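Each chain, letter by letter, is given below.
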Amino acid sequence: MQFALTREISPAIARCELTHLERVAVDLHRARDQHAAYIERLHAHGRTVIALPADPESPDCVFVEDVAVVTDELAVITRPGAPSRRDEIVPVARALGYFRPLIPIVPPGTLDGGDVLRLGRTVLVGLTPRSNEHGIAQLRAALEPHGYSTHALRVDGCLHLKTAVTAIGDHALLYNPRWIDREALASVSPALAAFELVEVDPEEPFAANVLRLDDTLLVPAAHPRTRARLLARGLTCETVAADELAKAEGALTCCSILFTG
Ligand code: GLY
């Protein structure tokens, strides 16, 4: 069975963490409608959705991806880089504990799941203000016995690695060259050097975050130029409105943890 773990939007989202964006008002009703449409897409693609309730004390709790990294073998419970987000791990760990052995990231390590991009047994991790060398080393140690190789990559100008790059196929990435270096990506391994690298449209810097659901890419409606690039490559895209949570510096992958059970 394929699962998607999600979490409802906190009524306190107006106090969310912001790193690269100016604070603007988030319309909570509109954000909830968009989030419901996102969850509907998960259902439509065969995911059994585990929807956790929001925490009024955790403004960013909808961005559930940041608090766990789940593989077929285990779940690493992160230690989010923003102290305001650390309480978010408790209900997510409780839920994932039914499915996987849990391994926590411990101080001085910090890790946000938004910095972790799994490509088969290759794991890329953004070295960012949210994820430090200690956290990456702990993730590597957790995954190495299961055959994963973990590689740190510098990210500049955006919040997370997956703001800058996500997978659009088994051997293809969508990325923003201003935020992640093409050569650095290619230097990870000969296999990664052979990946097709598709650039976002320069007018849509946030377009690199798409959610891959089997053979379909869920793409934000706000990025039509980049969607056109994907369609031109024969990729199947479905559009969702995600502009309200984008104001909270969150994107499509941030709102779910996908795993099999
Ligand atoms: N507002 C999302 C984050 O900063 O983690």
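Everything below is about the structure printed above this text.
What counts, and at which threshold
- Residues numbered from 1 in each chain as written.
- Predicted model: local features only at pLDDT ≥ 70, side-chain atom pairs only at ≥ 80, totals over all residues.
- Heavy atoms only, no water.
- Near = heavy atom within 4 Å.
- Polar contact = N/O pair within 3.5 Å; in protein donor to acceptor, adjacent residues only side chain to side chain.
- Areas by Shrake-Rupley, 256 points an atom, 1.4 Å probe, with all protein chains shown as cover.
- 1 Å grid on protein atoms, 1.4 Å probe; cavity = no way out; pocket = protein on both sides within 12 Å on 5 of 7 lines; lining within 4 Å.
- Sits in = over half its atoms within 2 Å of the grid points.
- Nonpolar A, V, L, I, M, F, W, Y, C, P; charged D, E, K, R; others polar.
- Salt bridge = Lys/Arg side-chain N within 4 Å of Asp/Glu carboxyl O.
- Helix = DSSP H or I, 4+ residues; strand = E, 2+ residues; numbered from the N terminus.
- Buried < 20%, exposed > 50% of the residue type's maximum accessible area, 1.4 Å probe, protein only.

Caption draft 1: Fine view of the site of the ligand. Lining the immediate surroundings of the ligand are E17, D60, F63, R85, R130, L159, A248 and E249. One of the backbone nitrogen or oxygen atoms of E17 is found 2.7 Å away from a nitrogen atom of the ligand. Within the contact set of the ligand, an oxygen atom lies 2.7 Å away from a side-chain nitrogen or oxygen of R85. Out of a free accessible area of 200 Å², the ligand has 99% covered by protein chains. Spatially, the ligand is embedded in the second largest cavity. Considered class by class, the residues forming the shell around the ligand number three nonpolar, no polar and five charged.

Caption draft 2: Representation of the pattern of salt bridges within the structure. Throughout the structure, instances matching the rule amount to 15 salt bridges. In this structure, R30 engages D243 in a salt bridge whose closest nitrogen and oxygen atoms are separated by 2.5 Å. A residue pair is termed long-range when its members are at least 10 positions apart, and R30 in helix α1 (residues 28-44) and D243 in helix α8 (residues 243-246) qualify at 213 residues. A residue is classified by how much of its surface remains accessible, and R30, at 35% relative accessible area, is partly exposed. When its relative accessible area of 28% is taken as the criterion, D243 is described as partly exposed. A salt bridge links E244 to K247, with the shortest nitrogen-to-oxygen separation between them at 3.0 Å. Taken together, the shared-partner salt bridges in this structure form one network comprising R30, D243, E244 and K247.

Remember that the coordinates give geometry; whether it matters functionally is a separate question.
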